Amino acid sequence: MQEKKAETGTKSAKKANLLDHHSIKHILDESVSEIVTSRGYVEDARMSNVRLLLGTIIIVIALFAQFYKKKFPENRDFLIGCIVLYIVFNGLLQLIIYTKEKNAILFTYPPTGSVTSTGLVVSSKLPRFSDLYTLSIASADPKSISAGKPVEFTKSVTQWFTKDGVLVEGLFWKDVEALINDYAAEPKKKK
């Protein structure tokens, strides 16, 4: 019991600027990631790695175009090729972000020892000028036999923050863990 108190005493409170919805969403998303990974789900960073690889390729193309040894009139064809490649790779990166990531804040592998063969995709929304935070959990592979039914909740962020902007983690953890439990629960069989 004393160890728990020591941990919570040294852990700093998460504070957000209540007038900045990006700050609020960032703190909530960060907490959701902590909660999900604490439940045994390991983060799947493959999508982030693909995005980083494509970004690196785009930067290398831009650097080649900038620092090619020949000057402009002589390197015209090379520059056109670099511009075309730059546009193609940027389009591919945006397509991946638009189709695969959407509002996802976390991709996971299935927990160790689990009977399911798919991980989770955790997504969140906090629209501008709104206090309604939507958190959804779905299967990373919705076409899989072991995929669970997607679950979500929409609640006001005002119930999780004090008037000073400090996140009341206990309340938020309870809500997120309830959502994870809803997703993990076996579907009731109809008679």
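This is a predicted model, so every value here is computed, not measured.

Engineer: Please set out the overall build of the protein chain residue by residue, giving values where relevant.
Structural biologist: Summing up its helical and strand segments, the protein chain has five helices and four strands in all. Listed by position from the N terminus, the elements making up the protein chain come as α-α-α-α-β-β-β-β-α. Out of the 191 residues belonging to the protein chain, those deemed buried represent 31%. The long-range share in the protein chain, meaning contacts at least 24 apart out of those at least 6 apart in sequence, stands at 56%. A total of about 13400 Å² of accessible surface is found on the protein chain, and carbon and sulfur atoms cover 60% of it.

Engineer: Before we move on, can you summarise a nonpolar patch on the surface with the specific residues and values?
Structural biologist: A contiguous nonpolar surface patch, about 340 Å² in accessible area, is contributed by Ile59, Leu63 and Phe67. With respect to the helices, strands and loops of the structure, phenylalanine 67 is situated in helix α3 (residues 46-67).

Engineer: How would you explain the packing of aromatic side chains if you had to name every residue and give the values?
Structural biologist: Within this structure, the stated rule accounts for four aromatic pairs. Judged by centre distance (4.8 Å) and plane angle (70°), the rings of tryptophan 160 and phenylalanine 172 are edge-to-face. Of the two residues, tryptophan 160 is situated in the loop between β4 (151-156) and α5 (169-184) and phenylalanine 172 in helix α5; the sequence distance between them amounts to twelve residues. The two residues tryptophan 160 and phenylalanine 172 agree in class, both being buried. Taken together, the aromatic side chains of Tyr133, Phe153, Trp160 and Phe172 make up a single cluster linked through ring pairs.

Engineer: Kindly report on the UniProt feature "transmembrane region" (unreviewed entry) in the protein chain, identifying the contributing residues and their values.
Structural biologist: Feature annotation in UniProt places "transmembrane region" (unreviewed entry) on residues 49-66 and 78-98, given in this structure's numbering. In this annotation, residues 78-98 is assigned 100% helix and 0% strand; the end-to-end C-alpha distance for the span is 30 Å.

Engineer: Which residues make up the nonpolar core, and what values go with them?
Structural biologist: Grouped burial of nonpolar side chains is what soluble globular proteins tend to show. Membership of the largest hydrophobic core comes to 26 residues, with the highest contact counts inside it found for Leu28, Tyr133, Trp160, Phe161 and Phe172. The element best represented in this core is helix α2 (residues 21-38), accounting for six residues. Counting eight residues, the second largest nonpolar core, distinct from the first, contains Leu54, Ile58, Ala104 and Val121.

Engineer: Account for helix α4 (residues 76-101), with residues named and values stated.
Structural biologist: With 26 residues, α4 extends 36 Å from end C-alpha to end C-alpha; this agrees with the ideal 38 Å at 1.5 Å per step. In this structure, the buried residues of α4 make contact with α3 and β1 (104-107).

Engineer: Tell me about the packing of α3 against α4, residues and numbers included.
Structural biologist: Where α3 meets α4, the closest approach of the two axes is 9 Å, and the angle between their N-to-C directions is 165°. Judged on the interaxial angle alone, α4 and α3 are roughly antiparallel. Between α3 and α4 lies a crossing of left-handed hand. Across the contact of α3 with α4, the residue classes tally to 19 nonpolar, one polar and three charged.

Engineer: How would you sum up α2? Please name residues and give values.
Structural biologist: Spanning 18 residues, α2 covers 26 Å between terminal C-alpha atoms, matching the ideal 26 Å at 1.5 Å per step. Turning to α2, its buried residues number three or more, namely His21, Ser23, Ile24, Ile27, Leu28, Asp29, Ser31, Val32, Ser33, Ile35 and Val36. Tucked inside the fold, the buried residues of α2 contact β1, β2 (120-125), β3 (132-139) and α5. For α2, the N-terminal capping position is held by aspartate 20, with its side-chain oxygen 3.2 Å away from the main-chain nitrogen of histidine 22.

Rules of the game
- Sequence order sets the numbering: in each chain, residues are counted from 1 along the sequence as written.
- In keeping with the model being predicted, local features are shown solely for residues with a pLDDT of at least 70 and side-chain atom pairs are shown and tallied solely at 80 or more, while totals for entire chains, interfaces and linings include all residues.
- Only heavy atoms go into the side-chain values, all of them from the structure, while hydrogens and water stay out.
- What counts as a helix is a DSSP run of H or I of at least four residues, what counts as a strand is a run of E of at least two, and both are numbered from the N terminus.
- Relative accessibility under 20% of the residue-type maximum defines a buried residue, over 50% an exposed one, and the middle range a partly exposed one, all with a 1.4 Å probe and only protein chains included.
- Between two residues, a contact is recorded if the distance between any of their heavy atoms is within 4.5 Å.
- Where accessible areas are quoted, they stem from the Shrake-Rupley method and a 1.4 Å probe; at the residue level, only the protein chains shown are allowed to cover.
- Residues forming no salt bridge and having over 30% relative accessible area are the ones grouped into patches, like charges within 9 Å of each other and nonpolar side chains (Val, Leu, Ile, Met, Phe, Trp, Tyr) within 5 Å.
- Salt bridge, as applied in this entry: a Lys or Arg side-chain nitrogen positioned within 4 Å of an Asp or Glu carboxyl oxygen.
- Here is the rule: rings of Phe, Tyr and Trp (six-membered ring for Trp) pair when centre to centre is within 6.5 Å. Planes less than 30 degrees apart are stacked, more than 60 are edge-to-face, and the remainder are tilted.
- UniProt positions are given in the numbering used here, feature names are shortened, and annotations may be inferred rather than shown by experiment.
- Buried Ala, Val, Leu, Ile, Met, Phe, Trp, Tyr and Cys residues form a nonpolar core when they are joined through side-chain atoms within 4.5 Å.
- To estimate how far a helix should reach, multiply one less than its number of residues by 1.5 Å.
- Note on definitions: angles span 0 to 180 degrees between N-to-C directions of axes, and those axes are lines fitted to C-alpha atoms, for helices only across the stretch in contact.
- An angle below 35 degrees is treated as roughly parallel, one above 145 as roughly antiparallel, one from 65 to 115 as roughly perpendicular, and anything else as oblique.
- The handedness criterion is simple: a crossing whose near helix is rotated anticlockwise from the far helix by less than a right angle is left-handed, and one whose near helix is rotated clockwise is right-handed.
- When residue character is reported, Ala, Val, Leu, Ile, Met, Phe, Trp, Tyr, Cys and Pro are called nonpolar, Asp, Glu, Lys and Arg charged, and the others, Gly included, polar.
- Any pair of nitrogen or oxygen atoms within 3.5 Å is treated as a polar contact; in protein, a donor-acceptor pairing is required on top of that, and neighbouring residues in sequence qualify only through side-chain atoms on both sides.

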